Amino acid sequence: MTTMYAALLRGINVGGAKKVPMAELRALLEGLGHDAVRTHLQSGQAVFASGHGDEESLAAELTRAIEGRFGFAVDVLVRDHAYLRAVAEKCPFPAADLEAKQLHVTYFSAPVDAERFAAIDRPAFLPEEFRLGDRALYLYAPDGLGRSKLAEALAKPRVNKGVIATSRNWNTVTKLVELTAP
């Protein structure tokens with residue numbers, strides 16, 4: 001049985017660093033034996049079908065392959081369609097009423113709890129807010145991510161210690177659900 005997955009690559013093609021051309025990423029995934037390979041944008045999303053492995057083993061396989069092909073390490077998360085759909089459906093903010101640039105999801109490699117974020121003075125960042133989900137954090141940033149002071153605080157290494165974290169705007173969140181649909 002084949003499952004549709006999305007691979008989320010962290011920090012590629014940003015400011016000229018860690019360049020991974022999408023055509024080469026597609027070829028790499030196909031070379032690993034995956035089918036129905038597609039990429040979305042240049043910022044590190046690929047979808048593929050696979051009949052072997054699980055999210056963690058597929059992420060590890062792709063991480064090794066990218067390092068072998070491009071010569072640098074890239075953090076990779078792999079998530080299946082059911083998970084991506086559940087994250088979108090459980091959004092605690094009114095996604096339909098917001099601009100896509102105002103809503104983001106940070107995907108984590110492992111579950112995170114509220115204690116990890118206890119040092120963040122949430123009222124000081126209002127109207128910006130965040131809520132936790134299943135290996136995900138939902139961020140409402142009314143002025144966009146680029147101007148978000150809360151996003152800056154959430155991205156600090158001490159907050160994300162021990163986990164891989166990679167963020168996507170709401171358009172990408174919903175597009176990945178669509179692209180991984182069976």
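For the structure itself, look to the data block above.
Residues numbered from 1 in each chain as written. Predicted model: local features only at pLDDT ≥ 70, side-chain atom pairs only at ≥ 80, totals over all residues. Heavy atoms only, no water.

Draft legend 1. Local environment of the packing of helix H1 (residues 22-31) against helix H2 (residues 55-70). Where H1 meets H2, the axes come as close as 11 Å, and the angle between the chain directions of the two elements is 125°. With respect to their mutual orientation, H1 and H2 come out oblique. Crossing geometry of H1 relative to H2 is assigned as right-handed. Along its contact with H1, which presents Glu24, Leu25, Leu28 and Leu29, the element H2 presents Leu62, Ala65, Ile66, Arg69 and Phe70. Class assignment for the residues of the contact of H1 with H2 results in seven nonpolar, no polar and two charged. (Axes fitted to C-alpha atoms, helices over the stretch in contact; angles between N-to-C directions. Helix = DSSP H or I, 4+ residues; strand = E, 2+ residues; numbered from the N terminus. Parallel < 35°, antiparallel > 145°, perpendicular 65-115°, else oblique. Left-handed = near helix turned anticlockwise from the far one by under 90°. Contact = heavy atoms within 4.5 Å. Nonpolar A, V, L, I, M, F, W, Y, C, P; charged D, E, K, R; others polar.)

Draft legend 2. Examining the pattern of salt bridges more closely. One pass over the structure, following the stated rule, counts eight salt bridges. Aspartate 134 is paired through a salt bridge with arginine 135; the nearest N and O atoms lie 3.6 Å apart. Using a relative accessible area of 49% as the deciding quantity, one classes aspartate 134 as partly exposed. A salt bridge links lysine 175 to glutamate 178; its shortest N-O distance comes to 3.1 Å. Here glutamate 178 and lysine 175 lie together in helix H5 (residues 170-180), a separation of three residues that amounts to about one turn. Salt bridges linked by common partners bring Glu55, Arg79, Asp134 and Arg135 together as one network. (Salt bridge = Lys/Arg side-chain N within 4 Å of Asp/Glu carboxyl O. Buried < 20%, exposed > 50% of the residue type's maximum accessible area, 1.4 Å probe, protein only.)

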